[in-house]
Amino acid sequence: MMPQNQPMTKTKVFLLIILLFIGLTGLRIGWIMFHKTPEQPYVEKGVLDLRDWTFTDKHTVALDGEWEFYPNVFIDPNGKVNQLDKHSYIKVPGNWKDSINSPDKSNIGHGTYRLKITLPDDRKRLYGLRVEGITNAAQIYVNGEKVTDYGTPGTSANTSIGNRGPKLTFLNPNQDEIEIMIHVSNYDISYRGGMTGSIKIGTETAIIKEDHRSQNYQLAVFIVYLLHSVYAFVLFFLARKYNQKELLFYGLMLLLAGFTVLIDDDIVLQLSIGAKTYHKLLNLLFISTLITLITAIKYLFNIKTRLFPVLISLYVVLAISIIFIPLDYFQWINIGTMILFFTSFYYLFSQTIKIIQKGNDEGIYVLFFITGYTSNMIWGAMINGGLVKIPFYPFDFIIYVVAIALLLLKRYMNVLQVNEQQTLALKEADRKKDEFLANTSHELRNPLHGIINIAQTMLHNNEDTLTQKNKDDLKLLIRISENMRFTLNDISDLTKIEENQMQFYQQPVNLHTVTSVVLDLISFMVDEKDLKFHFNIPIDFPKVYADENRLIQILFNLIHNAVKYTPAGSITIDARSEGNMATIYIKDTGIGIGPDALHNIFKPYEQEDSSMTAIGGGIGLGLHVCKQLVELHGGNLSVKSKPNEGSTFSFTLPLADQSMTHQTDETEETLVTKEHAATITEEPISEQKKKHKIARILIVDDDPVNLRVVSNILNHDYHLMTATSGQEALQYLKDNRFDLIISDVMMPQMSGYELTQHIRKQYTLSELPILLLTARNQIEDIQTGFNVGANDYVVKPVDALELSARVHSLIHLKLAIHEQLRMEAAWLQAQIRPHFLFNTLNTIASLSEIDTARMTTLLNHFGNYLRRSFNVRNTEKLIPLEEELEIVRSYVYIEQQRFGDRLTVEWDIDDDLKIDVPPLSIQPLVENAIQHGVLKRAAGGTVKISATEKEDEVTISIHDDGVGIDAAKVEKLLTDKASSKSGIGIANTNERLKKLFGKGLEIESTPNKGTTILFDVPKQ
């Protein structure tokens, strides 16, 4: 389909044609002016056209009179010229028809041209003479000597042998005046005769330049035409199945036009043919060039008009006439030729205008082409008719060839653009074909995760209301969704492998550690299957040379595959080393694989049968990905299996050389030293630094290099302790308090996942944050970490800024929670209720009248209560028990003075007991017991405050025999914010105790019998 643009109106098209003709005419005129001979040219500076001019300047070539013409006479150059034979002065160049005196009034005949020239004073130089056009045959004499000839002139058709083209000769005159005599005969061409072209004289350099310039122009035009024709022919034959005939005819047109240029004008190519044959050939080339042009345009735009067959018929008639009709009747052929040209120009312009009006911008290029071609034909006709005389003008030829070249280039660019678009479309289609599932997997991840989350939530939240069938269906849905997620991961990896985008970072890897972590990942995903794992790889097994992440992926896929197809039984993981290779075995007691399917099992999208897909899910990519990854490591993956007996998958990996292991360790040690030289210190932390290092961090990693890297990053900001195993870390937790645990996932005996599970049995997420260091960021790794209770994770290799930022966030979050609880307690205590103040003051006022001693004591306790309530130490984590009891005693004394016998307080605390408790932890409990317990009774009651020592801790309890609390309100009391109705800071105290000691308040209460609130404080 042709490109369509905004169509042009006919007026605009005609205006464009006029502008094109004006432009082309302007170029022609400029060319003429550029080559015009000055009125008095110095012969030293150029070439003089020997026309009927007379110059007298001594520095110029002067014509002595005009050209003399002697019709039907060959004057003897050495004899005496008979002036009686002279016919007249004749114009050169020009047709001699009016001077030849032919009986039949034609141009047939012979004669002599004669001219005298006066040379400049410095005549001692070599001159050139260039005769550009003689109709048939000629001989040139200078001062009686023949210098050159054009064939052989004669007095009849039998004795005359013609030739064509310009002639160049040189002369070295020895006198001031030279005489040029030219014998000319014409017995072949009846419509034109004599010297029809210019005769020029000039210096040797100038005349050679004049001669070569014209021929070079013609040769250049021919080369341009030839190259474009070859280009067109090549394109036609390369794309011949598309039947682009316009290229064939365009190339043929250029070839004909180029050949015409060679044999016309200055005749670069001289043919050994007669003048009549030459003229017939030239005319035949003219009309053939035109008709091939018309045909090319027709096929270019698929033009269908009745005029085209008429033009072809007229061309055939003219071609036959030119070949067979004698030259004497060419005036009739010329009329037919003119009709053909005018009709053709009408056809070309009319059809091109229609094309442009339809909005096809390719018509603009064709319009340039035919306008240039038409302009060239018009000027050629005027030159042949003797109306104008200009040097060879190449630009019309170049312009219309360039126009078509631009058109072809545009078409080529359009085709190239289309091809490029199609290529991109094909590549995109191929990419979509190969990566369809990969792209689909990306879109399926979020809804798939949504399905898993919804199913898990329903199973967890509605366990009591769901039937067993509903539970089984939800579990099946979760299992299928999990398998689908693994399939999506396999598709993504397969795409990377096929596109050579899989990156490997091979290094010595501990196979025992990696496998144990994979088993942790699998164990958290195994359904309620009766499966046992036998892990037989020893901890001291030689290290393998592999990419740790990809090795995890290989093991995970193979073990997970074994889990899928083993409903019950066992899965054994073993390894052996032979030579420089390690062989890892994964053996299961599952359903096995049939012998017919074994050779296809590692192919992509292959399953043994539909029942396997139904059992395990997936589309058969996991094993293919595993095989590719193993082979990229330099190993091989194989399988042995029997139906109903299980399968054994084995793969090999290269062992790491001992030297390679040492070298890796040294390299890592060196890198650590260089990167963290500014932070490494062997000196113990000074006491001054310890004051600023509030947070305490435990770093757990079995690799000393990793421990040092992390320690160096965090050394200046925190108290650090390190452990090389999970067991050692748990032991440290029994004896120390930490604000953050940083643990590697990949550790032998106890992985980071197991360690996190153990810690979460004692500490909540906010009480002790855990940051896992993992070598992978796959969803199963991260999900497993969060499932076991990790707060965050960082992917190795560790980035110092990222690690510092995450550690800072976790620690400050924990400290902020603790700080919030402390500040809340202090704030609550500071919010002393107004009626409590008024009642206390009223009591003081009453005692001032009846018992000043009691008043003084009450004032002292009231002042102590206020001072302790606003004490800055209330914002600290722990204070001595005695300081806390002081505010309790003051509060109790004030309330006893107010309520008298209604309130009894008993104390059971050893004065020698030395423990630290959170500030404002006992006082709110005592206040709650008094206000909401015993004083709710009209008769009052008793509050007992006691401390019971145990082996490692002290239990502090506050008991009252008040109204008690409904069991349904106990939990609410521990979580509600403090208010005038719910008591002072019970929930706050509970939270602070949990953050500090891992356990909060315990409340035992029976309505109408009383309440006991207690908490445990570790001994120092």
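Rules and cut-offs
Residues numbered from 1 in each chain as written. Predicted model: local features only at pLDDT ≥ 70, side-chain atom pairs only at ≥ 80, totals over all residues. Heavy atoms only, no water. Helix = DSSP H or I, 4+ residues; strand = E, 2+ residues; numbered from the N terminus. Buried < 20%, exposed > 50% of the residue type's maximum accessible area, 1.4 Å probe, protein only. Areas by Shrake-Rupley, 256 points an atom, 1.4 Å probe, with all protein chains shown as cover. Pairing = 2+ DSSP bridges. Axes fitted to C-alpha atoms, helices over the stretch in contact; angles between N-to-C directions. Contact = heavy atoms within 4.5 Å. Phe/Tyr/Trp six-rings, centres within 6.5 Å; stacked < 30°, edge-to-face > 60°. Patch = residues over 30% accessible without salt bridge, like charges linked within 9 Å, V, L, I, M, F, W, Y side chains within 5 Å. Salt bridge = Lys/Arg side-chain N within 4 Å of Asp/Glu carboxyl O. Core = buried A, V, L, I, M, F, W, Y, C linked by side-chain atoms within 4.5 Å. Left-handed = near helix turned anticlockwise from the far one by under 90°. Nonpolar A, V, L, I, M, F, W, Y, C, P; charged D, E, K, R; others polar. Expected span 1.5 Å × (residues − 1). Polar contact = N/O pair within 3.5 Å; in protein donor to acceptor, adjacent residues only side chain to side chain.

A. Up close: the overall build of the protein chain. Helices and strands together make up the secondary structure of the protein chain, namely 26 helices and 29 strands. Among the 1020 residues that make up the protein chain, the fraction classed as buried is 48%. Carbon and sulfur atoms form 55% of the exposed surface of the protein chain, whose accessible area is close to 50,200 Å².

B. Here's a closer look at unusual backbone geometry. In the Ramachandran plot, asparagine 143 falls in the positive-phi region, its phi being about 50° despite a non-glycine side chain. Relative to the elements of secondary structure, asparagine 143 occurs in the loop between β6 (137-142) and β7 (145-150). Relative accessible area serves as the criterion here: at 31%, asparagine 143 is assigned to the partly exposed category. For leucine 920, which is not glycine, the phi torsion reads 60° and is therefore positive.

C. Just the sheet that holds strand β20 (residues 740-744), in detail. A sheet is described by the order of its strands in space; here 5 strands give the open sequence β19-β18-β20-β21-β22, paired in parallel fashion. Among the strands making up the open sheet, the edge pair consists of β19 (719-723) and β22 (792-795). If you compare each strand with its neighbour and ignore which way they point, the axes differ by 20° on average. Pairing between strand β18 (residues 696-700) and β20: 4 bridges, direction parallel. Bridge pairing in β20 places isoleucine 699 opposite isoleucine 742. Helix α18 (residues 752-760) rests against β18, β20 and β21 (770-774) of the sheet, and its axis sits at about 170° to β21.

D. The arrangement of the packing of aromatic side chains in detail. Summed over the entire model, instances satisfying the criterion amount to 7 aromatic pairs. Between phenylalanine 308 and tyrosine 347, the aromatic rings sit 6.3 Å apart at their centres with planes inclined by 40°, giving tilted as the arrangement. Taken together, the positions of phenylalanine 308 in helix α5 (residues 307-324) and tyrosine 347 in helix α6 (residues 330-357) put the pair 39 residues apart, joining distant regions of the chain. By relative accessible area, which is 1% here, tyrosine 347 ends up buried.

E. Structural context of a nonpolar patch on the surface. Taken together, Tyr231, Val402, Leu406, Leu409, Tyr412, Met413 and Leu416 make up a surface patch of nonpolar side chains, about 610 Å² in accessible area. If one sorts the elements of the nonpolar patch by residue count, helix α8 (residues 395-461) sits on top with 6 residues. When you line up the elements, leucine 406 lands in helix α8.

F. Region of the structure containing the nonpolar core. Membership of the largest hydrophobic core comes to 65 residues, with the highest contact counts inside it found for Leu551, Leu555, Leu558, Ile586, Phe651 and Ile741. A per-element tally of this core places helix α11 (residues 548-564) first, with 9 residues.

G. Focus on the environment of valine 963. In this fold, valine 963 is placed in the loop between β27 (953-960) and α25 (967-975). When the C-alpha atoms of valine 963 and serine 1005 are compared, they prove to be 9.2 Å apart, with 42 residues separating the residues in sequence. Excluding residues that lie within four positions of it along the chain, valine 963 makes contacts with His932, Gly933, Lys936, Arg937, Thr1006, Pro1007, Asn1008 and Lys1009.

H. The arrangement of the packing of α11 against helix α13 (residues 622-632) in detail. As a packed pair, α11 and α13 sit with axes 10 Å apart at the nearest point and diverge in direction by 145°. The hand of the α11/α13 crossing is left-handed. Only Gly622, Leu623, Val625, Cys626, Leu629 and Val630 of α13 make contact with α11, whose side of the interface consists of Arg550, Gln553, Ile554, Asn557, Leu558 and Asn561. Among the residues forming the contact of α11 with α13, the class breakdown is 7 nonpolar, 4 polar and 1 charged.

I. Molecular detail of the pattern of salt bridges. Throughout the structure, instances matching the rule amount to 14 salt bridges. Across the salt bridge formed by aspartate 792 and arginine 806, the nearest N and O atoms sit 2.9 Å from each other. In this pair, aspartate 792 is assigned in strand β22 and arginine 806 in helix α20 (residues 800-830), connecting sequence segments 14 residues apart. Through salt bridges with shared partners, a single network forms among Glu68, Arg114 and Glu179.

J. Examining α11 more closely. With 17 residues, α11 should reach 24 Å at 1.5 Å per residue; the first-to-last C-alpha distance of 24 Å fits that figure. When you tally the buried positions in α11, you get 16 out of 17 residues, the bulk of the element. The N-capping residue of α11, defined by a side-chain oxygen 3.0 Å from the backbone nitrogen of asparagine 549, is aspartate 547.

K. Focus on the environment of glycine 274. Mapped onto the elements, glycine 274 comes out in the loop between α3 (245-263) and α4 (275-301). Between the C-alpha atoms of glycine 274 and arginine 164, which are 110 residues apart in sequence, the distance is 9.0 Å.

L. Structural view of the pairing of β7. In terms of strand pairing, β6 meets β7 through 5 bridges, oriented antiparallel. When the bridges of β7 are listed, isoleucine 140 appears paired with threonine 148. Taken together, β6 and the strand that follows it, β7, pair antiparallel across an intervening segment of 2 residues, in which asparagine 143 is found at a positive phi of about 50°.

M. Spatial organisation of the sheet that holds strand β16 (residues 637-642). Read from one edge of the open sheet, 5 strands run β12-β14-β15-β17-β16, paired in mixed fashion. Sheet topology places β12 (530-535) and β16 at the edges, where each strand pairs with a single neighbour. Sheet twist, expressed as the mean angle between neighbouring strand axes with direction ignored, is 15°. In this structure, strand β14 (residues 568-578) lies alongside strand β15 (residues 581-588), joined through 8 bridges in antiparallel fashion. Within β15, the residue paired with serine 577 across the bridge is alanine 582. Set on the sheet, helix α10 (residues 511-523) makes contact with β12, β14 and β15; between it and β12 the angle comes to about 170°.

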